[in-house]
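Chain by chain, the residues:
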Amino acid sequence: MRFDIITIFPEMFVNIFNGGVVQKALQKGLLEVHVHNLRDYTTDKHLQVDDRPFGGEEGMVFKPEPIYAAVEAIRTSPKAPVYLLSPQGRLFDGRWAAEMAGREQVILVCGRYEGVDERIAEGLADDELSIGDYVLTGGELPAMVVVDAAARFVPGVVGKAASVRHDSFVDGRLDYPHYTRPREFRGLKVPAVLFSGDHKKIEAWRRKKALDKTASRRPDLLAQRALSPEERRILAQITKERNES
Ligand code: 4H6
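A brief report on the enclosed structure follows.

Moving on: the nonpolar core. Ranked by internal contacts, the top residues of the largest apolar core, which has 28 residues, are F3, M100, L108, L129 and V146. Counting residues per element, the ones that place at least two in this core are β1 (2–7), α1 (20–28), β5 (82–91), α3 (94–101), β6 (105–110) and α5 (140–151). Look past the residues within four positions of L129 in its chain and what remains in contact with it is Y83, L84, L85, S86, G89, R90, F92, W96, M100 and V146. Membership of the second largest hydrophobic core comes to 17 residues, among which are I6, V71, L124 and A125.

Our next topic: the pattern of salt bridges. Applying the stated criterion across every chain yields a total of 14 salt bridges. Linking D127 and R90 is a salt bridge whose minimum nitrogen-to-oxygen distance equals 2.8 Å. Separated by 37 residues along the polypeptide, D127 in strand β7 (residues 127–130) and R90 in strand β5 bring together distant segments of the chain. D127 gets classed as partly exposed once you look at its relative accessible area, which sits at 24%. Take R90: its relative accessible area is 47%, and that puts it in the partly exposed class. The residue R103 makes a salt bridge to E99 at a minimum N-O spacing of 2.7 Å. Residue classification places R103 among the partly exposed positions, given a relative accessible area of 30%. When its relative accessible area of 35% is taken as the criterion, E99 is described as partly exposed. Three or more residues joined by partner-sharing salt bridges are found here, namely R173, R225 and E231.

The phi angle of most residues is negative, glycine excepted, and most peptide bonds adopt the trans form. Here the residue pair R181 and P182 is connected by a cis peptide bond, since its omega of 0 degrees sits within 30 degrees of zero. Looking at the secondary structure, you find P182 in the loop between α6 (160–170) and β8 (184–185). We note that L47 has phi near 55 degrees; this positive angle belongs to a residue other than glycine. One non-glycine residue, R186, lies in the positive phi region at around 50 degrees.

Below, the discussion takes up the packing of helix α7 (residues 199–217) against helix α9 (residues 229–244). Put simply, α7 and α9 touch, their axes get as near as 10 Å, and they point 75 degrees apart. Our classification of the angle between α7 and α9 gives roughly perpendicular. Contact residues: R207, K208, L211, D212 and A215 in α7; E230, E231, I234, L235, Q237, I238, E241 and R242 in α9. By residue class, the composition of the contact of α7 with α9 is 5 nonpolar, 1 polar and 7 charged.

For E231, the location among the structural elements is in helix α9. With relative accessibility at 9%, the residue E231 sits in the buried group. Those residues in contact with E231 that sit more than four places away from it in its chain are R173, L211, R225 and A226.

Criteria and thresholds
Residues numbered from 1 in each chain as written. Predicted model: local features only at pLDDT ≥ 70, side-chain atom pairs only at ≥ 80, totals over all residues. Heavy atoms only, no water. Core = buried A, V, L, I, M, F, W, Y, C linked by side-chain atoms within 4.5 Å. Buried < 20%, exposed > 50% of the residue type's maximum accessible area, 1.4 Å probe, protein only. Helix = DSSP H or I, 4+ residues; strand = E, 2+ residues; numbered from the N terminus. Contact = heavy atoms within 4.5 Å. Salt bridge = Lys/Arg side-chain N within 4 Å of Asp/Glu carboxyl O. Axes fitted to C-alpha atoms, helices over the stretch in contact; angles between N-to-C directions. Parallel < 35°, antiparallel > 145°, perpendicular 65-115°, else oblique. Nonpolar A, V, L, I, M, F, W, Y, C, P; charged D, E, K, R; others polar.

Here it is, written out as structure tokens:
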């Protein structure tokens, strides 16, 4: 799959994927990331990408013409979706990342200044995407987040174990806790069940811990889906244990 990113600051993307599994994926050709300078798609002598907003407010907004020209020049796959990264977007999540990983090409448009002419959202972008409820100075960091999250779903990019485990975020659960040596560190002990050798018991412990953490930190994730009979039983057990102690 390939990402094409449109930005006025292409230099921000120079070293971001150095090291780690995304670099490996780029080297293996599993993934391509092409960064394009929006100014290359202007036609005036000042290479102007922005202009003053109608209606008399402060600041500047991105003009539509260079962005339309860039997308039309860059698109290699006729059905490639275009996403505008913006605080007004639909909230990005693991499911959306996985969906992107199945595409041939995804085009990301990074806005800056006070924003982007609304006709990008009206006539060019398939959707507006937000990585969270905060305002940033530009869409570049969100674009990097989207590429990284989607890359993990491209077959061969991360190991099977990790991808299967974190896929669980897609079905609305946080990860279980991990431990390594030493068995005791500054008085903090590794739970004994993890060296019991009883894989059934270890699996049950992990499911319980994951569910407990999800219920206390992210009840919204559980509220979005149906609980299995086993999950109901575990949650009831956790409540009982809490009331006893
Ligand atoms: C489009 C429109 C994404 C892009 C406006 C982008 C947060 C996210 C931006 C703006 C972003 C996110 C420019 C408006 C700066 C505020 C770039 N911020 N802004 N949550 N900013 O994914 O001023």
